Amino acid sequence: MVRDPRPRLVLAASLVLALALAVLHPLIDPDEGRNAEVAREMARDGDLIVPHLAGLPYLDKPPLLFALGAGAIALLGPTPLAVRLPSMIGALAVLGLLGWLARRRGDADGGAWPMALTAAAPLFAALSAYVIFDMVLAACVTAVWVLLADELEHGPGRSRRGLMHLAVALGREAIVRGYST
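Residues numbered from 1 in each chain as written. Predicted model: local features only at pLDDT ≥ 70, side-chain atom pairs only at ≥ 80, totals over all residues. Heavy atoms only, no water.

Moving on: the overall build of the protein. When its secondary structure is counted, the protein shows eight helices and two strands. Ordered by position in the sequence, the α and β elements of the protein form the string α-α-β-β-α-α-α-α-α-α. By the compact-globule yardstick of 16 Å for 181 residues, the protein fits well, its C-alpha radius of gyration being 18 Å. Counting only C-alpha atoms, the protein reaches 60 × 40 × 30 Å along its principal axes. Long-range pairs, those at least 24 residues apart, make up 66% of the contacts in the protein with a sequence separation of at least 6. Of the accessible surface of the protein, which amounts to about 9,800 Å², a share of 70% is contributed by carbon and sulfur atoms. The centroid of the 16 positive side-chain charges in the protein is displaced by 7 Å from the centroid of its 16 negative side-chain charges. (Helix = DSSP H or I, 4+ residues; strand = E, 2+ residues; numbered from the N terminus. Rg over C-alpha atoms; globule rule 2.2 N^0.38 Å. Contact = heavy atoms within 4.5 Å. Areas by Shrake-Rupley, 256 points an atom, 1.4 Å probe, with all protein chains shown as cover. Lys, Arg positive; Asp, Glu negative; His and termini not counted. Charge placed at Lys NZ, Arg CZ, Asp CG, Glu CD.)

Okay, the packing of aromatic side chains next. Two numbers describe a pair of aromatic rings. These are the distance of the centres and the angle of the planes. Inspection of the entire model under this criterion finds two aromatic pairs. Ring geometry for Tyr 58 versus Phe 66: centroids 6.1 Å apart, planes at 65°, classification edge-to-face. Using a relative accessible area of 1% as the deciding quantity, one classes Phe 66 as buried. Each residue in the set Tyr 58, Phe 66 and Phe 133 is aromatic and connected to the rest through ring pairs, giving one cluster. (Phe/Tyr/Trp six-rings, centres within 6.5 Å; stacked < 30°, edge-to-face > 60°. Buried < 20%, exposed > 50% of the residue type's maximum accessible area, 1.4 Å probe, protein only.)

In this section: the environment of Leu 127. Within the secondary structure, Leu 127 sits in helix H6 (residues 122-127). Measuring from C-alpha to C-alpha, the distance between Leu 127 and Val 83 comes to 13 Å, with 44 residues separating the pair along the chain. If we skip the residues at most four places from it in the chain, Leu 127 touches Ser 87, Ile 132, Asp 134 and Met 135.

Attention shifts here to the confidence of the model for the protein. Considering every residue of the protein, the mean pLDDT works out to 89; 94% of them sit at 70 or more. Per-element confidence in the protein ranges from a low mean pLDDT of 78 for helix H8 (residues 158-178) to a high of 96 for strand S1 (residues 52-53). (pLDDT = per-residue confidence, 0-100.)

This part takes up the nonpolar core. In this structure, Leu 11, Leu 95, Phe 124, Leu 127 and Met 135 are the most contacted members of the largest nonpolar core, which totals 13 residues. Secondary structure elements with two or more residues in this core: helix H4 (80-104), helix H5 (112-120), H6 and helix H7 (134-154). Beyond its immediate stretch of four places on either side in the chain, Met 135 contacts Ser 87, Gly 90, Ala 91, Phe 124, Leu 127 and Ser 128. Within the second largest apolar cluster, nine residues are counted, among which are Val 38, Met 42, Phe 66 and Phe 133. (Core = buried A, V, L, I, M, F, W, Y, C linked by side-chain atoms within 4.5 Å.)

Written as structure tokens, this is what we have:
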């Protein structure tokens, strides 16, 4: 069976574009600059629990994105790509979850079209290369819905429920604290 190459081409082009945005563009103030600085201070100080900005506790946002950015800074150095990496990984998680669900539901093309169309959406591509909480939260929400859809089709499962609870726990802080300010 010959698979349609178009969705894979769209997906590859979209991912290259998002990577180019992440690598070639400087951080955009105020959000990216502030979030990158908090992650840089976390990496410098080694405190992954309490975010700091200009040496003062920065409790307006949850620490997960900052801690992930600090880990990327420890690996790649203080570069725009490093602090954008958590958003990029969140975007890849969303695409992977969509593909996984499509394959579980019998999509012979492996979920290529749902992944390609999502990746090609301009806002998705832009947010996947931007240092804000949206893509990490999107990955958590997508995980819950994808796992719920799978559970409704295949019945309850202990590991699936555990993953749903983990996604809710990780996404909860971004919703309650990250978007309430």
